[in-house]
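One letter stands for each residue in the lines below.
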Amino acid sequence: MLAGTQHQFDFPKFALTLPGLPSHDMLRVVEEEIKDLSNTPPDDPVCQYREVYYRKRLNRLLSFLQTFELPADIAPREQEAYQAITSSLETEGLQVRKPSIRFSQVPLGTCLEMVPSA
């Protein structure tokens, strides 16, 4: 069954099916999900929008599973899924890196102290 139909483009619901799988299986499942989306594009413009958004989230998850570096822009709805996946990966002995702050994430008006490098 096409995952978009099964999960109705519900990223957290899909992602929460991954914890407990070995990391290489998580990666394979996400790759298959992305491939399945390519096989039958939706006709409805609303479904097309949801698919594009869902695909973007899947690609970000795929990148995470390849690099083990958490994305900096995890949406609140996605946090539980990423926490569960991270916990599963760490149980497997893999080290997950937290995102480093990027200048674009610093709120306007924040004063950053410049420290000269040694």
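The preceding data block contains the structure.
Presented here is a report on the structure given in the accompanying data block. Computed from a prediction, not measured in an experiment: that's the story for all the values here.

Along its length, the chain carries 5 helices and 0 strands. Each of the 118 residues in the chain was classed as buried or not, and the buried ones make up 33%. A separation threshold of at least 6 residues defines the contact pool for the chain, and within that pool the share at least 24 residues apart is 64%. When the accessible surface of the chain is split by element, carbon and sulfur atoms take 55% of a total near 8,000 Å².

Further remarks concern the nonpolar core. Core analysis: the biggest nonpolar cluster contains 23 residues, and Leu 61, Phe 64 and Ile 85 have the highest contact counts within it. Looking at this core, the elements with two or more residues in it are helix H2 (11-15), helix H3 (23-39), helix H4 (45-67) and helix H5 (79-91). The greatest single-element share of this core, amounting to 6 residues, is contributed by H4. In contact with Phe 64, other than residues within four places in its own chain, are Glu 69, Leu 70, Pro 71, Tyr 82, Ile 85, Thr 86, Leu 89 and Val 96.

Cut-offs applied
- Residues numbered from 1 in each chain as written.
- Predicted model: local features only at pLDDT ≥ 70, side-chain atom pairs only at ≥ 80, totals over all residues.
- Heavy atoms only, no water.
- Helix = DSSP H or I, 4+ residues; strand = E, 2+ residues; numbered from the N terminus.
- Buried < 20%, exposed > 50% of the residue type's maximum accessible area, 1.4 Å probe, protein only.
- Contact = heavy atoms within 4.5 Å.
- Areas by Shrake-Rupley, 256 points an atom, 1.4 Å probe, with all protein chains shown as cover.
- Core = buried A, V, L, I, M, F, W, Y, C linked by side-chain atoms within 4.5 Å.

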